[in-house]
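Secondary and tertiary structure notes
The residues making up each chain are set out below.
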Amino acid sequence: YIYIYIEKMQLLQLFLLQLLLGLSHGFFTPLKTTTTTTTPPTRLFVSSSSTTTNSNNLETAVSNLKQVLEREYVTFFDPMVKEYYLPQVKFTDPLNKLEGIDAYANNVDMLAGRTWMGKILFDNASIQLHSVTGGEILDSGSNKQRSTSSISNIQTRWTLRFTFAALPWKPTARFSGISVYEVQPSGSPQGVVITSQHDYWDNLNLQPGGTNKYEDASRLEGLQDLWNQLKPGGFQAQAAAPELPYSLLRRGKDYQVRRYPSYTAVRLNAYTRRDEGYERLGSFTSSGSESALGPALLRVQSEDSSQKTMSWPLTYAPPGETEPPSPKQALQKLEGIETGGVLEIVTIPSQVIAVRDYTDASMEPVVRKNDKLLRESLQRDGLVPSAEGELQFAQYDAIFSMGQRRGEVWIPLQDGGHPW
């Protein structure tokens, strides 16, 4: 009976979430899984009989469109440049299917909190653009007088976040993925027009095999994923310190990819027990030094567990900068004490890190198991780790704190071994 009750409550939660989202869009779609066959859009073509001029004009038009898309993402589509969209433009993501530029714009305005319903439901919405690619001019036909030009799809890669303000605990949802824009030449002053936009989420639509292929998922899966992010969590252990900031690049099925800025840290190069390491670093940063940030970062040599270090971040490079501020207080304090090289201030360059979280205590078997699972996930999705040789894991909780703990294994990714 308990299991039946829980199952019914989960279905009720999904129904209420569906109802809220449906009301926010002004429509309600039955919750069911459907199989959709997509018909390739009819392409408009530009004849090349007018020599190279048309091709150059088309390249310029596509370049202008990509710049418009960049501005729209930066401003969260405020304004949305409707001249570049077909009046009957189609928009699809794991939760919605919309048609028409007004429905598209209203959907964006609602999420951004620019409509009355959006002000009730959402807060702190933002989207970070990572890249804009594609839009190559494709020529077809063997006879120059009859050859035509079309445009390859434009793809953006992004991370979206918003707070669901309608719930008392105000949870934040995060999504990463790609948008695929189908673009056609047009006779408009802009020269090109977007006919459809199809959004895919990394955690739902990215297919295994490392081919960077995305496929549709059911709407029920999209709703379930959204609810899993919005539902209330349990009692969390107290964080030891404010967290080192990062940019979320991918929210995958069972891992994340983050870009961390360059940062400085105080590093303990030798310790026996973890609580002794915390005590040593805590004593150093408690006074006369910059305050420490979280998490505590621990590195252990894969072949020799006795070779290990513990680091606490101190300062980090602000947005737009490549170097972190010098931790002058910590450096000055370190000069005044004799540590025999056990304590040192180090600078860590900006890195792209794959992360897998766990809630068990950070014992060696737990860390090694999650490191192995993370490596398997990276191989599945075609991401390349940097050279092996050490385990890296992070602890966020105050030592001896109560509640659900937060631990992570970290694996730096190889330059060129990821799409960011």
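What counts and how
- Residues numbered from 1 in each chain as written.
- Predicted model: local features only at pLDDT ≥ 70, side-chain atom pairs only at ≥ 80, totals over all residues.
- Heavy atoms only, no water.
- Core = buried A, V, L, I, M, F, W, Y, C linked by side-chain atoms within 4.5 Å.
- Buried < 20%, exposed > 50% of the residue type's maximum accessible area, 1.4 Å probe, protein only.
- Helix = DSSP H or I, 4+ residues; strand = E, 2+ residues; numbered from the N terminus.
- Contact = heavy atoms within 4.5 Å.
- Polar contact = N/O pair within 3.5 Å; in protein donor to acceptor, adjacent residues only side chain to side chain.
- 1 Å grid on protein atoms, 1.4 Å probe; cavity = no way out; pocket = protein on both sides within 12 Å on 5 of 7 lines; lining within 4 Å.
- Points joined across faces, edges and corners; volume = space filled by probe spheres on them.
- Salt bridge = Lys/Arg side-chain N within 4 Å of Asp/Glu carboxyl O.
- Pairing = 2+ DSSP bridges.
- Axes fitted to C-alpha atoms, helices over the stretch in contact; angles between N-to-C directions.

Side note on the nonpolar core
Counting 47 residues, the largest nonpolar core has Tyr85 and Val192 as its most contacted members. Considering each element in turn, this core owes the most residues, seven residues, to helix H2 (residues 52-74). Look past the residues within four positions of valine 192 in its chain and what remains in contact with it is Leu58, Ala61, Val62, Leu65, Tyr84, Ile151, Val183, Gln184, Pro185 and Ser186. Tyr255, Val257, Val266 and Ala296 belong to the second largest nonpolar core, which has 34 residues in total.

Some thoughts on unusual backbone geometry
Following aspartate 78, the chain continues to proline 79 via a peptide bond in cis, the omega torsion being 10°. Residue position: proline 79 is located in the loop between H2 and strand S2 (85-92). The omega torsion of the bond from glycine 294 to proline 295 falls at 5°, within 30 degrees of zero and hence cis. Along the polypeptide, proline 295 turns up in the loop between helix H7 (274-285) and strand S13 (296-301). Notably, asparagine 124 is not glycine yet its phi reads approximately 55°, a positive angle. Along the polypeptide, asparagine 124 turns up in strand S4 (residues 122-134).

Regarding the side chain of serine 362
Tracing the backbone shows serine 362 in the loop between strand S16 (351-358) and helix H9 (364-380). Here tyrosine 358 takes part through its side chain, which lies 2.7 Å from a polar atom of the side chain of serine 362. Dropping the residues within four chain positions of it, serine 362 is found in contact with Arg274, Val367, Phe393 and Gln395.

Considerations on empty space enclosed by the protein
Take a probe with the size of a water molecule and roll it over the atoms, and the empty space left behind shows itself. In the structure shown here, the tally under the stated rule is two cavities of 30 Å³ or more. Volume-wise, the largest cavity comes out at about 440 Å³. Considering the residues around the largest cavity, the lining is formed by 25 residues, among which Phe91, Asp93, Asn107, Leu111 and Leu160 are closest to the centre. Put simply, the parts of the chain that give the lining of the largest cavity at least two residues each are helix H1 (2-25), helix H3 (101-111), S4, strand S7 (154-164), strand S8 (172-185) and strand S9 (192-201). The element contributing the most residues to the lining of the largest cavity is H3, with five residues.

Concerning the pattern of salt bridges
What the rule picks out here adds up to 17 salt bridges. Each of Glu243, Arg258, Arg406 and Glu408 takes part in one network of salt bridges that share partners.

Notes on the sheet that holds strand S17 (residues 390-395)
Across the sheet, nine strands lie side by side as S10-S11-S16-S18-S17-S13-S14-S12-S15; this open sheet has antiparallel pairing. Where the open sheet ends on each side, the last strands, each with one partner, are strand S10 (247-251) and strand S15 (343-348). Pairwise comparison of adjacent strand axes, ignoring direction, gives a mean angle of 30° for this sheet. Of the strand pairs in this sheet, S13 and strand S14 (residues 308-316) are connected by four bridges, and their pairing is antiparallel. Across the sheet, residue leucine 298 finds its bridge partner in S14, namely methionine 310. Contacts between helix H8 (residues 328-335) and the sheet are confined to S14 and S15, with S15 contributing the most and set at about 150° to the helix.

Here's the deal with the layout of surface pockets
Looking at the largest pocket, its volume works out to about 1300 Å³. Lining the largest pocket are 36 residues, with Arg174, Gln256, Arg258, Asp357 and Arg406 positioned closest to its centre. Mapped onto the lining of the largest pocket, the elements with two or more residues apiece are S8, helix H6 (219-230), S10, strand S11 (256-260), S16 and strand S18 (407-412). By residue number, the principal contributor to the lining of the largest pocket is S16, which donates four residues.

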